[in-house]
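Residue-level structural notes
Next come the chains, spelled out residue by residue.
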Amino acid sequence: MKLTLRVWRQKGPEDKGRMVTYEVDDLSPDMSFLEMLDVLNERLALKGEEPIAFDHDCREGICGMCSLVINGTPHGPERATTTCQLHLRKFKDGEVVDIEPWRARPFPVIKDLVVDRSAFDKIIEAGGYISAPTGSAPDAHAVPVPKPDADRAFEAAECIGCGACVAACPNGSAMLFTAAKVTHLGLLPQGQPERDSRVVDMVATHDDLGFGGCTNTGECTVACPKGIPLDTIARLNHDYLKAGGKR
Amino acid sequence: MHIDESFYGSGEPIADTKAPAGPIEERWSERKFAVKLVNPANKRKKTVIIVGTGLAGGSAGATLAELGYKVVQFCYQDSPRRAHSIAAQGGINAAKNYRNDGDSVHRLFYDTVKGGDFRSRESNVHRLAEISRQIIDQCVAQGVPFAREYGGLLDNRSFGGAQVSRTFYARGQTGQQLLLGAYQALMRQVDAGNVELHPRHEMLDLIMEDGRARGVVVRNLVTGEVRSHTADAVVLATGGYGNVYFLSTNAMGSNVTAAWRAHRRGALFANPCYTQIHPTCIPVSGDHQSKLTLMSESLRNDGRVWVPVKAGDDRRPADIPEDERDYYLERIYPAFGNLVPRDIASRAAKNVCDEGRGVGPGGLGVYLDFAGAIERLGRDAVAAKYGNLFEMYERITGENPYEQPMRIYPAVHYTMGGLWVDYDLESTVPGLFVIGEANFSDHGANRLGASALMQGLADGYFVLPQTIGDYLARNPVGAVPAETVTAAEAEVQERIERLLSIDGDRTVDSFHRELGAIMWEYCGMERTEEGLRKALELIPALREEFWRRVRVPGSGDDLNQSLEKAGRVADFFELAELMCVDALHRTESCGGHFRAESQDEDGEAARDDANFSYVGAWEWTGPGERPILHKEDLAFEYVTPSQRSYK
Amino acid sequence: MAVTGGLLLLFVTAHMVGNLKFFFGAEEFDGYAAWLRTIGAPALHHEWFLWIQRTGLLLCVLLHIGTATSLAVRARRARPVRYRHRPAVQGSYAARTMRWGGVIVALFVVYHLLDLTVGVLNPHGEHGEVHANVVADFAPERWYVTLFYALAVIVLGFHVQHGLRSAFQSLGRGDARTLDLVATGYAVALVVGFLAVPVAVLVGVGS
């Protein structure tokens, strides 16, 4: 099959960038989307052009490194699927496909489709952990955790930190990412001692980094490849208000 | 026995001098008591470099920083959270005996030594089994959401053919949850200023001074800047080298460069030929394939593996009647059936495909059929158990496994070999420590399911932080002379420029694919003297062609993914040669190394304990030069070697 | 946002319920309007309550618009480079039209005040003759006014649907599905209530 790609090319952080059109033929519907880019890059390299830079690593949907806004949708048209798991059989032969990087001020473009997502690490740094230095732990069975809490904590903890929520949010907010961690740790007994400071510090860092405010549009949860539910944000707000009340 | 020494030289035997001698249960306590301690006030003045942020590196960085050391840490990914440990699905073993089913530290120790086909060190494995219990406690305290039962206690399952339920898990994402636990602990230390973190940095050389590892040269993958960092000690936590096969379940970026650079600087590389090939991966669909996807082994609990009886039978699976199907695992191994260990299941699949009975594109696949399970348990029950795996399979292949059997094929998954380390996890280069999959230590010739996560975290949380203190306390060092640093940087820079200047007519990937095909063919699931010798001709020739014809577009001054790949592939060439040498010299079959010449009358792997009960640790002598073998003899005081049987 | 929106919604709800008095005839409707001016009497002077309420509402509106503007500014800053391929709305349509919807509602409120409070844009335009004003306003030949009114009310419905849902979410309450149901139900009731009067006038009931 054949596709016409319009790809964002940007030499570096200072470059203005532009969309460049590539015709890619001789493709197989069994290829993954990234394998299609591999094929294009091989051809570009042989022609002496610079290949398109894009982030990817595990290619099995768990590391969160791949990104790409495909035809306006983060991770492309298939729901609950990362770009690396998206296959060409989801596209029509001859289709025109636009490929852009995540767009958000806290995610500056490094080159082509590669953006810097270290802002997410900063949010975690601000409090997305339980302070349990190695060696200090009691026996694992010392504190039982009700199964429903453990299951919901797991659901929130499934976040892969890819940033699709930010890319999809019309406000450029990272609230779903932040809320997923707040929810994961806040549902567990081990997470209680730091529950208040965690949410306050994480939200403050989120805002300082330049992410937009959440207006509950729900675009994030639709784009999320792991389907992190929107009510994690309600939990975050609940904890935030409660923590503020105590201060 | 015939050993042709023309392809390698023999060196002095080596020995692990750090493990205490007494009763095995007391060795680790004794060692911990014997280590010299670093004065708390001095810890702040000691800097440790850690390369890699997976389970081993992440946990080590967090723990060393908590102890008060200054940590400088690197990873090639954009965040420590993306290290490939994240992709581990199954679970983590621990001898908690929460099930009261007879598990114990000793049983986990025994199972691991046996599972490793008697090619691992008893002292190390026993320590691993002891620590396994602390790991679970630690992870729960950090908030790792393990699966729980209705009573609120942790759930366990039996995994990889183990007779006891000792595997803790978080659905099919145990690696992810454990890694995020370590990552969060690490980020807490970054925030506290105890860890200086450098993501998107790749280590390209080890800095040596006075015979000790004193630092690393790294390339900033965003700006292209080559810079060095010095420290009191260096820790490599850089994972395995399965990507030498091009196609593997490893992440695209997983590579051997850090370990290989250390090897070139004097660290011995142990057992490079021990490769684990996982039986249940999604088969290759075409030449474009860039990586292979693992599907949890648990599928074999309910799925039945079969191929057509007749070679070249290309009917649709539903059209093949029951009596024209060969459920070969059930036929050959009636006792274990579809649940035989990984290496056996993998080789059996290769054998039936070699007979021309494979299914799917290229005839490289076997069926894993759930029709029986769906009929017996109902579609809903099957969906509840395997729903997400079925979805993943359908997403990748476009086929619905509820309607037609899955196709699976073995794929390279894990490498047991790695840099040689002693009981303290220190390599043969003083001050260079190696942890996690990057070292060779605990799995022998074959790793059991759910043991990789256990080893990575044991090394990082509990072993290294204790043992590295002994080294730091005993070896105060001064500053590294500036000329040593500049020389190391210059060497790295020169290599980068060389790669960029070749300007040939073949891409890096085309070389990598070709190398992978050679390795898979001749140093894959089944190895023969003839094949390995052929590989040892093909690889150097391809390596030479690489340095003549590779084309690396772009420059070294910014993000250049082709350049990154080129450097990694160049090192894979040298590693591939060593793997073939190791595989050729080890004329026995053991664990993940099957030599066709060494099998019993039933076609099962035949070990040769009389001649090969040792660790093969290789010394680098130069590109294309014969490596030198140093043997570390293995002694079995607690577990008597026996031949594995799964019939 | 949630607090000011909530207060405004309380007013809008009371306004809608009050409007339904229209169906009890001119006398009662005009009486109701007159009563509004005497709330709090004798403690409060004539219309004082109304002015207190108006001040409060104005404050809410200003704060509401102020917060919305700051959120919009933040959103713009958070995405300095826009997507070339405009993303399709995947979440809720109501959520994505909050800003424009808000502007439309605000413009409508201005018109509405000039029309039925001040009376300058009303064809009848007599203070105290509320019923007559309304009837004159929605007369069949002025169908475009009714249409504009209806559109504005529907936009308000969307605004309230997401606003209500979002307010609960912002205050950290409830699960998504229940909230959706409650918010949608409330918005529909509001729209139907508001449309009842002009539709009734249009088809000749109550006049």
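As annotated in an unreviewed UniProt entry, chain A carries the name Succinate dehydrogenase/fumarate reductase iron-sulfur subunit and is attributed to Actinomadura craniellae.

Between chain A and chain C, the contact holds 34 residues from the first and 31 residues from the second. Looking at the side of chain A that touches chain C, the elements with two or more residues in it are β5 (96-100), α7 (219-223) and α8 (231-246) of chain A. Element by element, the count of residues in the side of chain A that touches chain C is highest for α8 of chain A, at seven residues.

Quick look at the domain arrangement of chain A now. All names here are of chain A. Split by domain assignment, chain A resolves into domain 1 (3-110) and domain 2 (117-130 + 144-246). Domain 1 and domain 2 are separated by 28 Å when their C-alpha centres are compared. Of the residues lining the interface, 18 residues belong to domain 1; the matching set on domain 2 comes to 17 residues. Tallied by class, the residues present in the side of domain 1 that touches domain 2 amount to nine nonpolar, seven polar and two charged.

What follows concerns the domain arrangement of chain B. Residues and elements named next belong to chain B. If you check the domain split of chain B, you get domain 1 (278-413) and domain 2 (482-616). The C-alpha-based centres of domain 1 and domain 2 are spaced at 30 Å. Contacts between the two partners involve five residues from domain 1, matched on the other side by five residues from domain 2. Looking at which element gives the most residues to the side of domain 1 that touches domain 2, the answer is helix α9 (residues 342-354), with four residues. Residues of the side of domain 1 that touches domain 2, tallied by class, amount to one nonpolar, one polar and three charged.

All names here are of chain B. Within the fold, Ser-427 resides in the loop between β17 (418-419) and β18 (432-434). You can call Ser-427 buried: it has 30 C-beta atoms within 10 Å. For the pair Ser-427 and His-278, spaced 149 residues apart in the sequence, the C-alpha separation amounts to 28 Å. Residues within four places of Ser-427 in sequence aside, it is in contact with Ala-262, Ala-267, Leu-419, Trp-420, Val-421, Leu-432, Phe-433 and Val-434.

Further remarks concern the packing of helix α4 (residues 105-115) of chain B against helix α5 (residues 122-142) of chain B. Residues and elements named next belong to chain B. Relative to each other, α4 and α5 sit at 135°, their axes nearing to 8 Å. Between α4 and α5, the angle falls in the class oblique. Between α4 and α5 lies a crossing of right-handed hand. Contacts from Val-105, Leu-108, Phe-109, Thr-112 and Val-113 of α4 reach α5 at Glu-122, Val-125, His-126, Leu-128, Ala-129, Glu-130 and Ser-132. Looking at the contact of α4 with α5 residue by residue, the class counts come to seven nonpolar, three polar and two charged.

Once that is clear, we can look at the arrangement of the chains. For the two pairs of chains in contact, the largest share of contacts goes to chains A and B. Between chain B and chain C there is no contact; the minimum C-alpha to C-alpha separation amounts to 21 Å.

What follows covers the sheet that holds strand β3 (residues 69-70) of chain A. All names here are of chain A. On the basis of which strands lie adjacent, the open sheet formed by five strands has the order β2-β1-β5-β3-β4 and mixed pairing. Sheet topology places β2 (18-24) and β4 (73-74) at the edges, where each strand pairs with a single neighbour. The sheet contact formed by strand β1 (residues 3-9) and β2 spans seven bridges and is antiparallel. Note that in β2 the partner of Arg-9 across the bridge is Arg-18.

Parameters and conventions
- Residues numbered from 1 in each chain as written.
- Chains lettered and ligands numbered in written order.
- Predicted model: local features only at pLDDT ≥ 70, side-chain atom pairs only at ≥ 80, totals over all residues.
- Contact = placed C-beta atoms within 7 Å.
- Helix = DSSP H or I, 4+ residues; strand = E, 2+ residues; numbered from the N terminus.
- Domains from an automatic or database assignment.
- Nonpolar A, V, L, I, M, F, W, Y, C, P; charged D, E, K, R; others polar.
- Buried ≥ 20, exposed ≤ 12 C-beta atoms within 10 Å, placed from the backbone.
- Axes fitted to C-alpha atoms, helices over the stretch in contact; angles between N-to-C directions.
- Parallel < 35°, antiparallel > 145°, perpendicular 65-115°, else oblique.
- Left-handed = near helix turned anticlockwise from the far one by under 90°.
- Pairing = 2+ DSSP bridges.

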